[in-house]
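As a plain string of letters, each chain reads:
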Amino acid sequence: HMLGHHVTVGVSPLVRVDEATTALAVKFTRAGDDAPMGGPERSWNSSNGDKLWVMAYLSPPIGKPPGVIGIRLLDPAAGTVRVTTRNNRGRVILAAGESDTTYVTFGPVDDTDRVTVFVPMTGFVPVAVIDREGASDAGVDLAAMDKAIGRLTLDAGRADPVPVESFTRAVDESTSTLTGNKDVTVTLASDVTFDPDSDALTDQADGQLSAISDRLAEYPGGGGLDIVGHTDDIADEAYNQDLSERRARAIQTRLEQVADLSAWTVTASGRGESEPAVEGTSEEARAANRRVVVTMTPTAGTSAGPTAGSSAGSSARWPDPLGPVGDGPDGVTVTGPDEHGGQVTMTLERLTRTGGLLLGCLSVTTGPGGTGNTNIGLPTWLSDRASKVLSNPRGEEGASTQGLSDGLTLLTSDNQRLFPADYLSAGSDMHGLLTERTLADSVLNEGATTTICVVWPDTGQDTATLDHQGAKRPKGADSAYAFRLTNIPITQE
């Protein structure tokens, strides 16, 4: 289901074309009785008449020609993702009943014989990795594949796999945690950790530091522990530098009391106001800049620790839901605020555990009013309320972050809000999310159904709870577009 249209997608095995290239053949077939353009969706390329521009649904960054870069390769066992090395911008435009095939290229894959293909608005397709000699027997038109690849320019810088990373935010928003393949970075909100304009720890600080202690215990081999204090720009530079250093030392002193740091090499320093997390002088920006950043670099790497949310002995103290609640397989219906209207039903039948990842396909169906009278469409219902229009949950800004379904978080057993998994491609300064990336113009009428694909790091739980905080609302008011799906079964692939 692609924004109300019915498309069947066939994915070939991944073929080792040559030493530098592997490729997939992906065949799209539009249903013969598919709804006409302008029926389920309100925005479409009228110059194509009643033809479905499939390429526009395959996640191109805003401002670039449509391509297949939204199709990515996952190696769940290794915890890596591969992006295409050649931007195939060929046009897959289908009338009802028509089919077309495109070819998607990646770098060499010699370390596994099986990968999972992430096809936007479709799902996750496990396929074999085969040698060139077996392509014909697998139904691949090798001559057509070679010809198509020959027209494309290779970007060898994107050939290597990159690690899948995770980003979490405490349910009380007092901390956030970035987990990569080399280190874990925990950011403490100083307004929670310290008394105002002071290095004296608050009562709430012990909860923050207890969470850090738990993370340190996950890596008994130790490593490097770097504690850096930051301030806002209100006082003079010298005062802010001194305060940031004192706060970093206060965190070090308290951690030494609550955690075994004998295997860790600890440094504590301050940056004052010199490295703001957010530019600007608003109270919101200054609050974000008042922080202490704790970076753990385990000697054995972060893969030595357990999966997200599996801290032993922790008990969930989740916030009250801000919107309607339903079990994942049964779904939940969300109604837009009076000024925007619309109605959407969300259903998530199951999550599939494979390697260290959870794969899910959310089914979204519009009711009376469709997605409402906004011109943004589905991102209004699915995005992270803490992010700006052009930013991801990490706060990284750029046009390619527009239209993300990045607000679909899982609540973990250690009271964290786990965002969709992400990754940093070579040459990029923004993390890409393993979820839909082309929802910016998905304004839908009543009766449209679409598939929203999401990958999360494994939470280590038996069932999952998906929580969407919704849009920002006035203080004291319920959050618009918020919903929660509970008791989502997690099945093993």
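What counts, and where the lines are drawn
Residues numbered from 1 in each chain as written. Predicted model: local features only at pLDDT ≥ 70, side-chain atom pairs only at ≥ 80, totals over all residues. Heavy atoms only, no water. Helix = DSSP H or I, 4+ residues; strand = E, 2+ residues; numbered from the N terminus. Polar contact = N/O pair within 3.5 Å; in protein donor to acceptor, adjacent residues only side chain to side chain. Contact = heavy atoms within 4.5 Å. Axes fitted to C-alpha atoms, helices over the stretch in contact; angles between N-to-C directions. Left-handed = near helix turned anticlockwise from the far one by under 90°. Nonpolar A, V, L, I, M, F, W, Y, C, P; charged D, E, K, R; others polar. Buried < 20%, exposed > 50% of the residue type's maximum accessible area, 1.4 Å probe, protein only. Arc of directions from axis to C-beta. pLDDT = per-residue confidence, 0-100. Core = buried A, V, L, I, M, F, W, Y, C linked by side-chain atoms within 4.5 Å. Salt bridge = Lys/Arg side-chain N within 4 Å of Asp/Glu carboxyl O.

### Topic: the side chain of T105
Here T105 shows up in strand β8 (residues 99–106). At a separation of 3.4 Å, a polar atom in the side chain of T105 contacts the main-chain amide nitrogen of R86. Non-local contacts of T105, meaning those with residues more than four positions away in its chain, are made with T21, T22, A23, V83, T84, T85, R86 and I149.

### Looking at the packing of helix α3 (residues 205–217) against helix α4 (residues 237–258)
Put simply, α3 and α4 touch, their axes get as near as 10 Å, and they point 65° apart. Judged by the twist between their axes, the crossing of α3 over α4 is right-handed. Together, D206, L209, I212 and S213 of α3 and I251, R254, L255 and V258 of α4 make up the contact between the two elements. Per-class residue counts for the contact of α3 with α4 are 5 nonpolar, 1 polar and 2 charged.

### Brief notes about helix α1 (residues 142–150)
Taken residue by residue, α1 has L142, M145, A148 and I149 as its buried positions. Buried residues in α1, looked at end-on, bunch into an arc of 125°, giving them a common side. Summarising the geometry of α1, the exposed residues directed more than 90 degrees from the buried face are A143, K147 and G150. Contacts from the buried residues of α1 go to β2 (14–18), β3 (21–30) and β8.

### Quick notes on the confidence of the model for the protein
Any segment with low pLDDT has predicted coordinates that should not be analysed in fine detail. Residue-level pLDDT values for the protein average 89, and 91% of them are 70 or greater. Counting interchain partners and residues more than four positions distant, the pLDDT-below-50 stretch residues 304–315 has 25 contacts.

### Some thoughts on the nonpolar core
Formed by 57 residues in total, the largest nonpolar core has its most connected members in L24 and M346. Looking at which element gives the most residues to this core, the answer is strand β29 (residues 483–492), with 4 residues. Counting 20 residues, the second largest nonpolar core, distinct from the first, contains F194, L209, W264 and M296.

### Focus: the pattern of salt bridges
Tallying each qualifying case throughout the model produces 23 salt bridges. Linking R271 and E275 is a salt bridge whose minimum nitrogen-to-oxygen distance equals 3.4 Å. When its relative accessible area of 39% is taken as the criterion, E275 is described as partly exposed. Residues R417 and D467 are paired through a salt bridge, measuring 2.7 Å at the closest nitrogen-oxygen approach. Separated by 50 residues along the polypeptide, R417 in strand β24 (residues 416–418) and D467 in strand β28 (residues 463–468) bring together distant segments of the chain. For the pair shown, R417 and D467 are each scored as buried. A single salt-bridge network, built from bridges that share partners, covers D191, D232, E283 and R290.

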